Every structure is written in C-alpha cells, then in structure tokens.
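Summary of structural features
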Amino acid sequence: MIKTKKTEIIEDVLSKFEVKHKGVHTETQHFKCVRDTGYNFDAILADLEQGGTKNVEDVAKRYWAGTVSNLGPGEQIYAIEVNKLLEKRLHQEDVDKVQISLLINTINEIVLYGFEDEWQKKWGDLVRLRNDRETGIKKMFYEWNEEMNIIHKIQKCQRVWDHTKPMMDEVVDYLLWIAQNSPSKQHEAYYDIYWTTNRKVLDELSNYTWGCTHNRIPPSTWKNSQQNANMYIVFVAKEPNTQLNCNADGTLKGNATAARWENAYVSIGIALGLVMRAAAKIGFSTGGNKSHNDMNGDDFWEKKLGILDEVNKGEKQIAYGIGIGYPKEGVERWESDQTELAIGAANGSNLSLDSFKLDKHPRTGKKFRKIKIVDIKKDAGKQIKDPYGVLHTIPDIADIKINTIHNREIKAIEIK
C-alpha cells in the first residue's frame, strides 16, 4: 500500500525537515534530498518485500567514494535526521515497524561510518598498525576515547526530561561539591550556587525562562526547557569577601573593577564545565541555560533567589544555569514537551504581556518588548497577530533548533 503513497510520504518528511531547518537547503540541495530520500524509500520497500538488508546497504553505499564520504560532517547529520523522520512517517503506515527501524538504522550506520569494501580489507592491517601506537599512548594515561565521548555528549543540550525519576541525594551532594570546589583565580569565592530538585519549584522556575528563539523574523520564542530538568543549578557571580588582586603600584583592586568580574565569569565557566563533565560521566544528560528573565518587570529570579538588594547594589549578577537529569526515552533531545509560544519577541529580554500597561521596566528603565503567549495545542496551524500586528503561523510541536550539527571554526595555533 505504501508504494502509492511514496510522493506524499516524502513530501511530509521534507516539509518537517524544512520547517525545522529553514534556509539550510538551496533549491538544488532540496532536489537532491528529495531524490536521495526516494532512493532510500525504494530500497526499504524492496527489502520489506524480499527480506534482508541488501537493497538498503547498496543504496547507502552511494554516500561514499571509497573511504571518503560524499557528504560533509554537517550534511551527514542532516541525512540521518531526514532518515529518522522517514522512519517516524513510515511507522504511521501498516508496515512492520521493527523491520522499518532496522532498515533505517542500517542506512544511517553506513551514512555515518561507511562500510568495509575489498579495498578497505586489503589495507586494514596497515591502518591498524598505524593506530596501534596512538592506542597505546591513550591507554598509558587514561581512556581518551571515553573522555572524548563525554565532551561530545555535553556539547549537546538536553531539552526534554523524564520527571518520574528522582535525583539521588548522594549524586546531588557530589555535583554540588564539584561546583563549590572548582578552581578559581587565587582560590577566591567569585560565585554562589543556588539549586533545587523540587518538582514544584522547578516548574515554577520554568515559567520565567523565555528566550529560546523559535523564529527571528517574525520574532517568537520558547521557554528554555533545558532548565526544567530533574535538578537545576544557578551560578550567581558575586564580589568575593577577599581581595587578592593588586594593581601595578601594589594597591588592591576593588571588587567592582571589570577584571574582578572577568575572574568571576571565568571561574563560573570552569565550575560549570566540570559539573557537566561529572554529570555526564555518571550517566546524566545536561543542558545549559542563560535565560533567567522576569515578566512585566516583576524581578522574578532576583526575588526568588533572595538577592535583589545585592543585584541593585551591583554586588551580584545571575550568570548561568545548568539542568541535570534523565533524558526522556524515545524522544529526540531537541524535542520539548512545552505547549506555549511567545510571539512578538525572539529572546527573553525585558518582556511584558501585551495587556500590561507600563512601557519600561520599573527597576532597570529598559523598554519592554511586548508579547502574546499562545497555546500550540489549541492554536496549531492558525495565523495569529503579535502585539506589533505581525502574523505568525503557529507550529504544532515545540522542536528546538540545534547547532551542534554545524562545524565551528576554533583554531589550534602553535605559538612559535
């Protein structure tokens, strides 16, 4: 039956991909993606009829030229994502879901890692010999591969959580110990940490995390659902109670100087990274969050943490947070279970509801950005105007854009 629905199914798959990754494909790339998805569809159909995985293996090998992928690293991830969307779409049909998943996973394994042909077998011994020395060096010290896997894991922000599982007290204490004992310049106390594992508190906090951009034009934003994990830690930069930095003339640097605040943020960065690494090593997922915003100028976070007076005096600043917990199984990490979308703003700074009468924040004096909050379950597919009169098409799911699929240019330059 799915033979006759090939065009419809592929259009469904590509439309979902394009909605999530607007502007990623040129017209030519879109055509190639439709073509390649068609090839994969035909191969899957053939293997469903004939049994085995021969057809999907043959079609997946087209992604490679010998040992070199015809796709860039980012393109490989996109191809895998399209195939996963195809898997979900085919599961909606009257097919063998287990076999569909097996065939899709076979394609994706080859897309990502290649396949061993006769040429590779011939040269395999030479490759292994070349790698033996590197492997020996790694084992001499510690498991480099494991550490690299952890780094790759914490690069990826988790946004959907299993709230049915509790955080063990021993784990909480360990992660807090790491946050409190991380290195800082001259061992000064440049930050405090605020934390909770209380579900009621976490849900309350989540209402004040607007700032995860859905669209830039027209502007709209989700809440940062990485905060609403099983545990949340907030790092608050502060003026330490010691002064161990001095100026060139030997006088002490005041805590209010820019250099001292730089020290605070560097110290927080070190602690944050070590906590993320420790959590991942134990087996948890993590998600960083910088959106600690109020609504209608209510100073929610400063009041909730009890630091409003210190913030007003310039002695403390909310810096960064990290969600830690159990990822929800069977759901992609970028999918979110939130149902509210704020239209009218692309981030979470200085927001007020359209019905709120003041134009400026009562404490900071900054001009508000007006928003309207819509329910995507109720309003999915509708055209709704934001407070500035701009029309928005309301989505039906809260998919968050991800960036780890892109290459980033961080150079390693030897100093000579």
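Computed from a prediction, not measured in an experiment: that's the story for all the values here. (Residues numbered from 1 in each chain as written. Predicted model: local features only at pLDDT ≥ 70, side-chain atom pairs only at ≥ 80, totals over all residues. Heavy atoms only, no water.)

With that out of the way, let us pick up the packing of aromatic side chains. Each aromatic ring pair is summarised here by two numbers: the centre-to-centre distance and the angle between the ring planes. Going through the model one piece at a time under the given rule, you end up with 7 aromatic pairs. Considering the side-chain rings of Phe 300 and Trp 301, the 5.8 Å spacing of their centres and the 85° angle between planes classify their relative orientation as edge-to-face. For Trp 301, a relative accessible area of 0% translates into the label buried. Here the aromatic residues Tyr 208, Tyr 232, Phe 300 and Trp 301 are joined through ring pairs into a cluster of three or more. Between the NZ or CZ atom of Arg 62 and the centre of the ring of Tyr 39, over which it lies, the distance is 4.8 Å. (Phe/Tyr/Trp six-rings, centres within 6.5 Å; stacked < 30°, edge-to-face > 60°. Buried < 20%, exposed > 50% of the residue type's maximum accessible area, 1.4 Å probe, protein only. Lys NZ or Arg CZ within 6 Å of the ring centre and 35° of its normal.)

It is worth spelling out the side chain of Asp 294 at this point. Along the polypeptide, Asp 294 turns up in the loop between strand E7 (285-289) and helix H11 (300-305). Despite its burial, Asp 294 pairs with no opposite charge; the closest candidate is Arg 363, at 5.5 Å N-O. Within the structure, the side chain of Asp 294 is placed 3.1 Å from the backbone nitrogen of Asp 299, a separation counted as a polar contact. Polar contacts involving the side chain of Asp 294 include one to the side chain of His 361, which spans 2.7 Å. Ignoring any residue separated from it by four or fewer positions in sequence, one finds Asp 294 in contact with Tyr 208, Asp 299, Phe 300, Leu 351 and His 361. (Helix = DSSP H or I, 4+ residues; strand = E, 2+ residues; numbered from the N terminus. Lys, Arg positive; Asp, Glu negative; His and termini not counted. Salt bridge = Lys/Arg side-chain N within 4 Å of Asp/Glu carboxyl O. Polar contact = N/O pair within 3.5 Å; in protein donor to acceptor, adjacent residues only side chain to side chain. Contact = heavy atoms within 4.5 Å.)

Glancing now at the pairing of strand E6 (residues 231-238). Counting buried residues along E6, 8 of its 8 residues qualify, which places the element largely inside the surrounding structure. By the alternation rule, side chains of E6 split into Met 231, Ile 233, Phe 235 and Ala 237 and Tyr 232, Val 234, Val 236 and Lys 238, which are all buried. As judged from the 6 bridges shared by strand E3 (residues 191-196) and E6, these two strands associate in the antiparallel manner. What sits directly across from Asp 192, in E6, is Val 236. Relative to strand E8 (residues 316-325), E6 runs antiparallel, the two being bridged by 8 bridges. Paired with Tyr 232 across the strands is Gly 323, a residue of E8. (Pairing = 2+ DSSP bridges.)

With that out of the way, let us pick up the pairing of strand E10 (residues 340-343). Note that strand E5 (residues 220-223) and E10 share 2 bridges and pair antiparallel. Considered in E10, the bridge of Ser 220 is made with Ile 343.

Each pair of packed helices gets described by two things: the angle between the helix axes and the distance between those axes. Closest axis-to-axis distance for the helix H1 (residues 6-20)/helix H2 (residues 27-50) pair is 10 Å, and the angle between their directions is 130°. Between H1 and H2, the interaxial angle falls into the category oblique. For the crossing formed where H1 meets H2, the hand is right-handed. Where H1 abuts H2, its residues Lys 6, Ile 9, Ile 10, Leu 14 and Glu 18 lie against His 30, Cys 33, Val 34, Thr 37, Gly 38, Phe 41 and Asp 42. (Axes fitted to C-alpha atoms, helices over the stretch in contact; angles between N-to-C directions. Parallel < 35°, antiparallel > 145°, perpendicular 65-115°, else oblique. Left-handed = near helix turned anticlockwise from the far one by under 90°.)

Let's shift gears to the nonpolar core. Counting residues in hydrophobic clusters, the biggest one holds 34 residues, and the most contacted among them are Ile 2, Phe 41, Ile 44, Leu 86 and Leu 90. Counting residues per element, this core draws most heavily on helix H4 (residues 73-90), which supplies 7 residues. When neighbours within four sequence positions are excluded, Ile 44 is seen to be in contact with Val 56, Leu 86, Leu 90, Ile 100, Leu 103, Ile 104 and Ile 107. One finds Val 171, Tyr 190, Ala 237 and Ile 322 within the second-largest nonpolar core, a separate group that totals 31 residues. (Core = buried A, V, L, I, M, F, W, Y, C linked by side-chain atoms within 4.5 Å.)

In this structure, the second largest pocket spans a volume of roughly 1300 Å³. For the lining of the second largest pocket, the secondary structure elements donating two or more residues are strand E4 (210-215), E7 and E8. Ranked by residues supplied to the lining of the second largest pocket, first place goes to E4 with 5 residues. Class assignment of the residues belonging to the lining of the second largest pocket gives a composition of 13 nonpolar, 22 polar and 12 charged. (1 Å grid on protein atoms, 1.4 Å probe; cavity = no way out; pocket = protein on both sides within 12 Å on 5 of 7 lines; lining within 4 Å. Points joined across faces, edges and corners; volume = space filled by probe spheres on them. Nonpolar A, V, L, I, M, F, W, Y, C, P; charged D, E, K, R; others polar.)

Cis geometry marks the peptide bond from Ile 217 to Pro 218; its omega dihedral reads -10°. With respect to the helices and strands, the residue Pro 218 is situated in the loop between E4 and E5. A positive phi angle, close to 60°, is found at Asn 296, a residue other than glycine. Here Asn 296 shows up in the loop between E7 and H11. The residue Asp 299 is not glycine, and still its phi comes out positive at about 50°.

Contact geometry of helix H7 (residues 144-155) with helix H10 (residues 258-282) gives a least axis separation of 9 Å together with a crossing angle of 110°. Our classification of the angle between H7 and H10 gives roughly perpendicular. As for how H7 packs across H10, the hand of that crossing is right-handed. Side by side, H7 and H10 meet where Glu 146, Glu 147, Ile 150, Lys 153 and Ile 154 of the first sit next to Met 276, Arg 277, Ala 280 and Lys 281 of the second. Among the residues making up the contact of H7 with H10, the classes are represented as 4 nonpolar, no polar and 5 charged.

If you trace the 4 strands from one edge of the open sheet to the other, you get E3-E6-E8-E7, paired in antiparallel fashion. Edge positions in the sheet fall to E3 and E7, since each of these pairs with one other strand and no more. Going across the sheet, the axis of each strand differs from the next one's by a mean of 20°, ignoring polarity. Of the strands in this sheet, E3, E6, E7 and E8 are in contact with H10, which crosses E8 at around 5°.

A few words now on the side chain of Asp 386. For Asp 386, the location among the structural elements is in the loop between strand E13 (383-385) and strand E14 (391-393). Of the side chains bearing the opposite charge, Arg 369 lies closest to the buried Asp 386, which forms no salt bridge; the N-O distance is 5.4 Å. There is a polar contact of 2.8 Å between the side chain of Asp 386 and the side chain of His 392. Ignoring any residue separated from it by four or fewer positions in sequence, one finds Asp 386 in contact with Ile 343, Gly 344 and His 392.

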